[in-house]
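# Reading the structure
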Amino acid sequence: MSSSVLQTLSAHLGAAFAALGLPKNYGRVTTSDKTTPFQCNGALAVAKAAKRAPRDIAALVVALLEDNPDIALAEIAGPGFINLEPSTGLLTKRAGELAADDRVGARNGETLEKIVIDFGGPNVAKPMHVGHLRSSVIGDSLQRLLRFRGHAVVSDIHLGDWGLQMGHLITELEDEQPDLPYFDAGIMDGFPDKSPVTIEDLARLYPLASGKAKDDPQRMARSRKATSELQAGRAGFRALLDHFISVSIAALKVDFAALGVHFDLWKGEAAVDPLIPDMIAQFKKDGHTELSDGALIIRVTEESDKKDLPPLILISSAGAALYATTDLATILDRRDNLHPDTILYVVDFGQSSHFEQVYRAAGKTGLFARDKLEHIKFGTVNGTDGKRFRTRAGGVMRLSDLLSQAKQAAAKRLSEAGLAQDMDAGERAEIARKVGLAAIKFSDLQNVRTTNYIFDLERFTSFEGKTGPYLLYAAVRIKSLLRKAETAGVKPGSIMPKHKSEQKLVLVLDGFNRALAAAETKRMPHIVCEHVYTLAQSFSKFYADCPVLQDGVPGDVKSSRLALSTLTLKQLEIGLDLLGIETPERM
Ligand code: ARG
């Protein structure tokens, strides 16, 4: 694959430094937002070692670049910066390469890995909250990005299906339907295939039980007992658990499909329960565990700790395996069955200590290299009142409600903007769905993920500003231009970026790979958002300055501009796809 403009310039500058007997890495070129699009600071950096004034070195370098056909301008600025402008020839060549490339300039990552990505993480029977939504949106974008960069990615939803909520469900169901065979401790097998509960039942039973248990220690004790019996392998309870899990998965699959989020694996905490005894036995044998107040623990403090990190609890004093236990067993399961190089966990900030404990314990016990376990943290989502986001009714969010609200808000916006109004109701609804989803996803992803943000559908669905709908509109506008060109019989030709706005657009397009590489290494989807937004804006400027199909524009210029538009659309759609955002054909 050929080089980006930045790489080409770096190579020329490097050669000039080398010709002066200086290390060529000082020729490294960076982008600039000052007078020229690129600059090189190598003269300043090398001056001391070279025992020469930076401006003198810069002057020698600039002199060497004088006749270089790839460079339109090389000039010294300030104390010894070199400002650089690529030539039209170089931009033309690069634009042609980008247009001919299926991946519009994107390359694979440096070292390709097998990566497991753990995200979503909803809990069986408990409603999803906005933290799960954020995890899903960020995690999905990362899996798309990492795959696109050539990594072998396996995504796993890691359902929360092994905690107290199971004891709550079991006991509450027992109160409602005591005659079911699952509650007879004497029955070991032959349980019905059909679930005794629906997803609605689960959604009703769980809050009922947890509400009762809150003020009633005896009721709580029953749920706890059922949970430990389940964990100890009581047959009827296991059979119920399987039903709860499959009923939940079926419902979640519908929700996640509506969100456009895919998981390769639908495993959960319960799935690794069989691995726990041997894992713990090994930890004990290797001397990693300790008994403390009746609980089996692993100490994870380190000398350099400023704050005390409590020990990881493997088995509680009540004999239960806890969240950290299933997380460790899950690492074991993934290690032995998926052989990942790296495991990513897309989970909110609030669980930082938990993951620190788990990662340290994994490293210490030799389960998995600690620096290959990464907590991809994110901030909370607040409502416009500044408090943690809740739905209008004040309760926890249901994903399906949220999506329909987004779709409604999008439909309202479309009609305000006079968009999609001449279409039939079906197509209009489909466009509103895409706009609503784009609004939610983009406004989440465009934030640096570690920060909190305010959930505001009104703002998210606006067609103006840095929003999903703005980007979809930008893409749709290019699609409509391409259709008009088709009707007018104009064909794309070779790109000749002459106008300043055309040149700027080519440079933005050429920055795609850099944006993806940075987003990959930092695990930060907002860098992709930044790129597609700049791309849409640069296109808009180009389109305002450079008429494409207007009468009087020479044929080869029309074809060039059309090709540049086609290329922009292609990259915009790939970029949006990496964010999990689909574009409609028209609006
Ligand atoms: N179910 C958990 C929760 O709702 C999230 C799971 C995150 N993944 C993990 N491997 N612990 O908080």
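Refer to the structure above for everything that follows.
For the structure given in this document, a descriptive report is provided here. (Residues numbered from 1 in each chain as written. Predicted model: local features only at pLDDT ≥ 70, side-chain atom pairs only at ≥ 80, totals over all residues. Heavy atoms only, no water.)

## Let's talk about the sheet that holds strand β10 (residues 342-348)
Paired through their backbone hydrogen bonds, the strands of a sheet run either parallel or antiparallel. Overall, parallel pairing links the four strands, which are arranged β6-β5-β10-β11 in an open sheet. The sheet is open, and its two edges are formed by β6 (152-156) and β11 (373-378), each paired on a single side. Adjacent strand axes in the sheet meet at a mean angle of 20° when their direction is disregarded. Helix α5 (residues 130-148) rests against β5 (114-118), β6, β10 and β11 of the sheet, and its axis sits at about 165° to β6. Helix α12 (residues 352-365) contacts β10 and β11 of the sheet and is inclined by roughly 175° relative to β11. (Pairing = 2+ DSSP bridges. Helix = DSSP H or I, 4+ residues; strand = E, 2+ residues; numbered from the N terminus. Axes fitted to C-alpha atoms, helices over the stretch in contact; angles between N-to-C directions. Contact = heavy atoms within 4.5 Å.)

## Looking at the pattern of salt bridges
In this structure the tally under the stated criterion is 43 salt bridges. For R144, the salt bridge identified is with D140, shortest N-O distance 2.8 Å. On the criterion of helical spacing, the pair formed by R144 and D140 is a turn pair, its members being four residues apart in helix α5. R413 is the salt-bridge partner of E416, the closest N and O atoms lying 3.8 Å from each other. (Salt bridge = Lys/Arg side-chain N within 4 Å of Asp/Glu carboxyl O.)

## Points about the sheet that holds strand β4 (residues 81-86)
Within the open sheet, the four strands sit side by side as β1-β2-β4-β3. Their pairing is antiparallel. On the outer flanks of this sheet lie β1 (29-31) and β3 (71-77), each paired with one strand and no other. Strand-to-strand, the axes of this sheet are offset by a mean angle of 30°, without reference to chain direction. Relative to β4, strand β2 (residues 38-40) runs antiparallel, the two being bridged by three bridges. The partner of F38 across the bridge, within β4, is L84.

## Some remarks on the site of the ligand
Around the ligand, the surrounding shell consists of D118, G121, N123, H132, H158, Y323, D327, Y345, V347, Q351 and F355. Within the contact set of the ligand, a nitrogen atom lies 2.8 Å away from a side-chain nitrogen or oxygen of Y323. Between an oxygen atom of the ligand and a side-chain N or O atom of Q351, the distance comes to 2.8 Å. With the chains in place, 89% of the 350 Å² that the ligand exposes on its own is no longer accessible. Taken together, the elements giving at least two residues each to the shell around the ligand come down to α11 (323-338) and β10. Of the residues contributing to the shell around the ligand, the split by class is four nonpolar, five polar and two charged. (Near = heavy atom within 4 Å. Polar contact = N/O pair within 3.5 Å; in protein donor to acceptor, adjacent residues only side chain to side chain. Areas by Shrake-Rupley, 256 points an atom, 1.4 Å probe, with all protein chains shown as cover. Nonpolar A, V, L, I, M, F, W, Y, C, P; charged D, E, K, R; others polar.)

## Comments concerning the packing of helix α1 (residues 5-19) against helix α4 (residues 88-100)
Packing of α1 against α4 leaves a shortest axis separation of 10 Å and a crossing angle of 135°. When the interaxial angle is binned, α1 and α4 end up oblique. Crossing of α1 over α4 shows right-handed handedness. Contacts between α1 and α4 involve V5, T8 and L9 from the first element and L90, L91 and R94 from the second. When its residues are assigned to classes, the contact of α1 with α4 shows four nonpolar, one polar and one charged. (Parallel < 35°, antiparallel > 145°, perpendicular 65-115°, else oblique. Left-handed = near helix turned anticlockwise from the far one by under 90°.)

## Here's the deal with unusual backbone geometry
Here K51, not a glycine, exhibits a phi torsion of approximately 55°, which is positive. On the secondary structure map, K51 appears in the loop between α2 (42-50) and α3 (54-65). For H158, which is not a glycine, the phi torsion comes out positive at approximately 45°. The exposure class assigned to H158 is buried, which follows from its relative accessible area of 7%. (Buried < 20%, exposed > 50% of the residue type's maximum accessible area, 1.4 Å probe, protein only.)

## Focus on the packing of aromatic side chains
All chains considered together, the criterion is met by 15 aromatic pairs. Ring pairing ties together the aromatic residues F119, F256, F263 and W266, which thus form one cluster. The ring centre of F148 lies 4.4 Å from the NZ or CZ of R103, which sits over that ring. Over the ring of F237 we find R234, and its NZ or CZ is 4.0 Å from the ring centre. (Phe/Tyr/Trp six-rings, centres within 6.5 Å; stacked < 30°, edge-to-face > 60°. Lys NZ or Arg CZ within 6 Å of the ring centre and 35° of its normal.)

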